[in-house]
There are 2 protein chains.
Amino acid sequence: MDTFVVVGGDAAGMSAASKAKRDDPDLDVVVFERGEWVSYGACGLPYYVKGEIQSLTDLVSVTPEEFREERDIDLRTGHDVVAIDPDDRTVTARNDDGEVVQTYDHLLVATGAAAVTPPIAGLDREGVYTLGSMADGKDLREYVGRAREHRDLQQPDRGPACQFLETCTGPVGVVGGGYIGVEMAEALAANDFEVHLFQRGGRILKSFSEATSEAVLDHLDEQDVAVYLHAEVEELAGGERVEAVVTAEERVPVEMVLVGTGVRPRTALAEEAGIELGETGAIATDAYCETNLPNVYAAGDCAEADHVVTGDPVHVPLALTANRRGRAVGQTVAGERTEGGGVAGTAAVKAFDVEAARTGILDHETARAAGFDPLTRTIDANSRAGYYPEGGTVRVTLTVDRPSGRVLGGSLVSEYGEGAVHRSHALVGAVTEGVTVADLANYDLAYAPPFNTTWDPVLTAAKVVEGER
Amino acid sequence: MDTFVVVGGDAAGMSAASKAKRDDPDLDVVVFERGEWVSYGACGLPYYVKGEIQSLTDLVSVTPEEFREERDIDLRTGHDVVAIDPDDRTVTARNDDGEVVQTYDHLLVATGAAAVTPPIAGLDREGVYTLGSMADGKDLREYVGRAREHRDLQQPDRGPACQFLETCTGPVGVVGGGYIGVEMAEALAANDFEVHLFQRGGRILKSFSEATSEAVLDHLDEQDVAVYLHAEVEELAGGERVEAVVTAEERVPVEMVLVGTGVRPRTALAEEAGIELGETGAIATDAYCETNLPNVYAAGDCAEADHVVTGDPVHVPLALTANRRGRAVGQTVAGERTEGGGVAGTAAVKAFDVEAARTGILDHETARAAGFDPLTRTIDANSRAGYYPEGGTVRVTLTVDRPSGRVLGGSLVSEYGEGAVHRSHALVGAVTEGVTVADLANYDLAYAPPFNTTWDPVLTAAKVVEGER
């Protein structure tokens, strides 16, 4: 009876464990998780902080008890794996009672990613938060809750001013203009904070198209979020508690700061065991998610995956990839060798009342490095029949290889509910299958007046690009 | 200087005329249109009748004046083409002043489709409507308007009962459970009519999957639309005016009836000129929309197009195909020979508060005739992260070829706004490109909690089908 050991109990780890045990009930499946939470939806944390989700446990899709009792998985929370010995085929885990050594026949490293610590002074001041874990989410929600309570107490008709908190109602800072930064700007603004967002580069959501970034930036402006571009934060100044965000140009007083400057793969454990990393700094894997060590797999935010357009390994730490590749490892371990699938780098984000999605290769430098001659065009089109009472605008950016016409990537943005995200599904397929923009323009996409113009905006964009290339 | 003559001034005809003139301004482009309206959105008529669109002219995307003045197209409305002479390369058109004969170098037949006249007695009674033209829409809207006015006058505080109309507030009948029937049921119910819908077969929306039909049927029931299945209408009974819908089983009193039992291609003109029809009864064309006669094209609702899955000619009279293939003809005539593209049979419909879409081959008999061994499965999945405050259910049906795993077709239904229609875009690509369900399951579709579960419902369906085939 083989033993399958999984290090890390979130998306990739628990998907692998569940699939392996379901497909081969004779397998012993042991999962070591450092914390107490497993299989949680970290993507939901901004909405928990916002107050739209009432309990952290709502984010947990399957509880530890369910994994243990219903799925018969030996899940050991509170166990920090400190070493992998590939020669003895063991892992060593430390918990409150000491160390345990567990042998494995198959091993999955699913250690995830950690928030990047940017080179900013004062990150350790009180009132500085990140959003990498359930504990972070809990802290932030408590901060927001206290602030709201404080404000209520400040109301003239609610009695004397709050005595127990000095600072919790003023402006707040968000460092980083990626998904987390944008989602947290919404979450904080929804709780009546004055939000200041600092982005190092020249645009927010830099993995999306420039046109998408601009549309979202305009919308943040409409929502009274102050966005600072080309704003490298040097210091989070203050005393014990943070009091200001300091850049080369500005000193913006704040009472709280959320730092969301991306994540890096957690690879120390793997490296010490001799598992090779790729050029991206994440764990290198083959099509079956196998590392350089026999019977050792890696999946999820700690690992690379091949891009469907370039074929090159990339590090795209997102939930679906983790689930999918984890599941594939589980299936392989259970006896059916299964490829983990590539990534298109697809991502979606809601920012207040707009939605955006991107997929494939948009960046010209990346496209050229892969041997393409990129051409990018952006169009605006009605989201529904012009005469239909509801509707808005979908902005579509397409990047294609000029000589071949192959669709390399796309980016869409629309009002929330006008379908930029779901409409991107057409482009994910095109990018994955290597479809030309001329063929894409001929796709028989669904049309009816409440959903679309006769030509879906993606088709219109394809026609325009085909005409210009 | 060549002359391009177009017969029929709606989607296919005006797309062809516009594209040809834009690409080759030296071309003489002459369009004959029997009626007064051109380039109108017939798909919008139910929403006009419903009252969500205020004016019929709102449905017109480009006016006759704009075609004439801005696009320099010789558009002749009120001209009924009565003959094509392929030897002399002329068409003969009749208008109020007599007949004109026009020579052509290239000819497009875009005569559209007409409402089917089902074998039902009493179709000529007053109060029986169809919805095939702008004039039909106008009549129906007037009926609805009068009925509403009548009802208002019946209010105790609004004075004496309406004297000028005998019948306009009672139950109404809809014959046919396709798009038009379902959309008109919504339009009439929204105007407080008691709606009775009669469907000859065992389910409504029969081109969709059975699971989709059931979901929409359940919803119509919730909305108090009385749906009669296996209900072949024999007679629309009454005196001068319709008074009841009569089937073998029932006699349902009504004060108005909308007959929406499909359309048939208008081919008489083409047939008389020696243009060959295909097995579907629509005009046969090749990949370039050419008929058997030299320099004579056909596009839109009067013509066939090849199905992307089977490669066989089909007759799918929908707006996008008409626009796309018309545009291709225009481009060809202007000198750049362009294929019209195939059809996937994609369709979308809104029915009250649900939306549905379908694409590809769902019918097992059709699949088998094309050499496939079809397998169909349906799943229900959350439309968004389970913890997200909004959301509903997406029901996905996939039909695949069991041995190869190729995706043949799909059908989706969800609450309105939960994305069944836009999510179908992923399936249109899969069906068009001949993707296997295993590869589809690996698509990197966009995910964020406000839009999706980690696995889009389409991916979940693909996983399930792949596991079972």
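Residues numbered from 1 in each chain as written. Chains lettered and ligands numbered in written order. Predicted model: local features only at pLDDT ≥ 70, side-chain atom pairs only at ≥ 80, totals over all residues. Heavy atoms only, no water.

Quick notes on the nonpolar core
- Ranked by size, the top nonpolar core spans 47 residues in total, and within it Leu59, Leu140, Met184, Leu188, Phe193, Val195 and Val216 of chain A carry the most contacts.
- Non-local contacts of valine 216 of chain A, meaning those with residues more than four positions away in its chain, are made with Ile204, Leu205, Ala351, Val354 and Val413 of chain A.
- Residues Ile53, Met184, Leu188 and Leu220 of chain B belong to the second largest nonpolar core, which totals 46 residues. (Core = buried A, V, L, I, M, F, W, Y, C linked by side-chain atoms within 4.5 Å. Buried < 20%, exposed > 50% of the residue type's maximum accessible area, 1.4 Å probe, protein only. Contact = heavy atoms within 4.5 Å.)

A word on the UniProt feature "domain: Pyridine nucleotide-disulphide oxidoreductase dimerisation" (unreviewed entry) in chain A
- Per the UniProt annotation, the sites labelled "domain: Pyridine nucleotide-disulphide oxidoreductase dimerisation" (unreviewed entry) are residues 347-452 of chain A.
- For residues 347-452 of chain A, helix accounts for 24% and strand for 37%, while the C-alpha atoms at its two ends are 22 Å apart. (UniProt positions renumbered as here; feature names shortened; annotations may be inferred. Helix = DSSP H or I, 4+ residues; strand = E, 2+ residues; numbered from the N terminus.)

Some remarks on the interface of chain A and chain B
- Each partner contributes to the interface: chain A provides 63 residues, whereas chain B provides 63 residues.
- Summing both sides of the interface, chain A and chain B together bury roughly 5100 Å²; the carbon and sulfur share of this comes to 66%.
- When the buried area of chain A at its contact with chain B is split by residue, Tyr387, Asp444 and Phe451 of chain A rank highest and sum to 16% of it.
- Taken together, chain A and chain B are joined by zero salt bridges.
- Seen at the junction of chain A and chain B, the total is 20 residue pairs in polar contact (both at pLDDT 80 or more).
- For the side of chain A that touches chain B, the elements supplying multiple residues, two or more each, are helix H8 (319-333), strand S21 (347-351), strand S22 (354-360), helix H10 (420-433) and helix H12 (457-468) of chain A.
- Taken together, the residues of the side of chain A that touches chain B sort by class into 30 nonpolar, 18 polar and 15 charged. (Buried area = accessible area lost by both parts, 1.4 Å probe. Salt bridge = Lys/Arg side-chain N within 4 Å of Asp/Glu carboxyl O. Polar contact = N/O pair within 3.5 Å; in protein donor to acceptor, adjacent residues only side chain to side chain. Nonpolar A, V, L, I, M, F, W, Y, C, P; charged D, E, K, R; others polar.)

Remarks on the state of the cysteines
All names here are of chain B.
- Scanning the entire structure with this criterion turns up zero disulfides over all chains.
- Free cysteine: cysteine 43, not disulfide-bonded; nearest cysteine sulfur from cysteine 302 at 16 Å.
- Its relative accessible area of 28% is what places cysteine 43 among the partly exposed residues.
- Between cysteine 302, a free cysteine, and cysteine 289, which holds the nearest cysteine sulfur, the sulfur-to-sulfur gap is 10 Å.
- Given the relative accessible area of 0%, cysteine 302 is considered buried. (Disulfide = S-S within 2.5 Å.)

Some details on the pattern of salt bridges
- This structure, assessed with the given rule, holds 37 salt bridges over all chains.
- One network of salt bridges, with partners in common, ties together Lys50, Glu52, Glu186 and Lys350 of chain A.

So, the relation of the copies chain A and chain B
- Superposition record for chain A on chain B: RMSD 0.0 Å, screw rotation 180 degrees, translation along axis 0.0 Å. Here the copies are linked by what is in effect a two-fold axis.
- Residue by residue, 100% of the interface of chain A is reproduced at the interface of chain B, so both copies engage with the same surface. (Least-squares fit on C-alpha atoms with pLDDT ≥ 70 in both.)

Side note on the side chain of asparagine 191 of chain B
- Tracing the backbone through its elements, the reader meets asparagine 191 of chain B in the loop between helix H5 (179-189) and strand S11 (195-198).
- Here asparagine 191 of chain B is in contact with Val49, Lys50, Val144, Arg148 and Arg151 of chain B, once residues within four sequence places are set aside.

Topic: the packing of helix H1 (residues 11-23) of chain A against H8 of chain A
Residues and elements named next belong to chain A.
- One can describe the packing of H1 onto H8 by two numbers: an axis separation of 7 Å at closest approach and a directional angle of 35 degrees. You can see that H1 and H8 cross each other, and the crossing is right-handed. Along its contact with H1, which presents Ala11, Ala12, Ser15, Ala16, Lys19, Ala20 and Asp23, the element H8 presents Ala322, Asn323, Gly326, Arg327, Gly330 and Gln331.
- Classifying every residue of the contact of H1 with H8 by side-chain character gives five nonpolar, five polar and three charged. (Axes fitted to C-alpha atoms, helices over the stretch in contact; angles between N-to-C directions. Left-handed = near helix turned anticlockwise from the far one by under 90°.)

Quick notes on the packing of aromatic side chains
- All told, the structure shown has twelve aromatic pairs over all chains when counted by the stated rule.
- Between tyrosine 388 of chain A and tyrosine 47 of chain B the ring centres are 5.2 Å apart and the planes differ by 80 degrees, which places this aromatic pair in the edge-to-face class. Residue tyrosine 388 of chain A is located in the loop between strand S23 (374-382) and strand S24 (393-401), and its partner tyrosine 47 of chain B is located in helix H2 (residues 45-50); the two belong to separate chains.
- For tyrosine 388 of chain A, a relative accessible area of 5% corresponds to the buried category. (Phe/Tyr/Trp six-rings, centres within 6.5 Å; stacked < 30°, edge-to-face > 60°.)

Side note on the sheet that holds strand S25 (residues 407-415) of chain A
Residues and elements named next belong to chain A.
- Taken together, five strands build an open sheet; the order of strands is S21-S22-S25-S24-S23 and the sheet is antiparallel. Where the open sheet ends on each side, the last strands, each with one partner, are S21 and S23. For this sheet, the mean angle separating the axes of adjacent strands, direction not counted, is 10 degrees.
- Across seven bridges, the pairing between S24 and S25 is antiparallel. Looking at S25, one finds that arginine 395 is bridged to valine 413.
- Across the sheet, H10 lies against S21, S22, S24 and S25, angled at about 5 degrees from S22, the strand it touches most. (Pairing = 2+ DSSP bridges.)

Topic: the sheet that holds strand S4 (residues 80-85) of chain A
Residues and elements named next belong to chain A.
- Overall, antiparallel pairing links the three strands, which are arranged S4-S5-S6 in an open sheet. In the strand order of this sheet, the two ends are held by S4 and strand S6 (98-103), each with one partner. Each adjacent strand pair in this sheet contributes to an overall mean axis angle of 20 degrees, direction not counted.
- Where S4 lies against strand S5 (residues 90-95), five bridges are found, and the strand directions are antiparallel. The partner of aspartate 80 across the bridge, within S5, is arginine 94.

Some thoughts on the domain arrangement of chain A
Residue and element names in this part refer to chain A.
- Domains assigned within chain A are domain 1 (3-113 + 264-333), domain 2 (128-261) and domain 3 (353-468).
- Using only C-alpha atoms to locate each centre, domain 1 and domain 2 end up separated by 32 Å.
- For the pair domain 1 and domain 2, the summed buried surface comes to about 1400 Å²; carbon and sulfur atoms form 69% of the total.
- Considering only the surface of domain 1 that becomes buried against domain 2, Pro46, Val49 and Lys50 emerge as the three largest contributors, covering 45% of it.
- Here domain 1 and domain 2 share one salt bridge between them.
- The salt bridge partner of lysine 50 is glutamate 186, with a shortest N-O separation of 2.6 Å.
- Here domain 1 and domain 2 share four residue pairs in polar contact (both at pLDDT 80 or more) between them. (Domains from an automatic or database assignment.)

Remarks on the side chain of arginine 125 of chain B
- Residue position: arginine 125 of chain B is located in the loop between strand S8 (113-115) and strand S9 (128-129).
- Here arginine 125 of chain B sits buried without a salt bridge, and the closest side chain of opposite charge, glutamate 235 of chain B, lies 4.0 Å off (N-O distance). (Lys, Arg positive; Asp, Glu negative; His and termini not counted.)

Things to note about the pairing of strand S5 (residues 90-95) of chain B
Residue and element names in this part refer to chain B.
- The loop that links strand S4 (residues 80-85) with its antiparallel partner S5 comprises four residues; one of these, arginine 89, has a positive phi angle of about 55 degrees.
- Relative to strand S6 (residues 98-103), S5 is paired through six bridges, and the arrangement is antiparallel. Looking at S6, one finds that alanine 93 is bridged to valine 100.
- Between S5 and the antiparallel strand that follows it, S6, lie two residues.

Observations regarding unusual backbone geometry
Residues and elements named next belong to chain B.
- In this model, arginine 89 sits at a positive phi of 55 degrees, which is unusual for a non-glycine residue.
- By the secondary structure assignment, arginine 89 is in the loop between S4 and S5.
- Not every positive phi belongs to a glycine, and leucine 205 is a case in point at roughly 45 degrees.
- A relative accessible area of 2% means that leucine 205 is categorised as buried.

Some points on the environment of glutamate 194 of chain B
All names here are of chain B.
- Mapped onto the secondary structure, glutamate 194 falls in the loop between H5 and S11.
- Relative accessible area serves as the criterion here: at 46%, glutamate 194 is assigned to the partly exposed category.
- Distance from glutamate 194 to proline 389, taken between C-alpha atoms, is 34 Å for residues 195 residues apart in sequence.
- In contact with glutamate 194, not counting residues within four places along its chain, are Gly170, Pro171 and Val172.

Some thoughts on the pairing of strand S16 (residues 256-259) of chain A
Residues and elements named next belong to chain A.
- By the alternation rule, side chains of S16 split into Met256 and Leu258 and Val257 and Val259, which are all buried.
- Bridge count between strand S9 (residues 128-129) and S16: two bridges; the pairing is parallel. Bridge assignment links tyrosine 129 to a residue of S16, and that residue is leucine 258.
- For strand S10 (residues 172-175) and S16, the ladder comprises four bridges, and the chain directions are parallel. Paired with valine 172 across the bridge in S16 is methionine 256.

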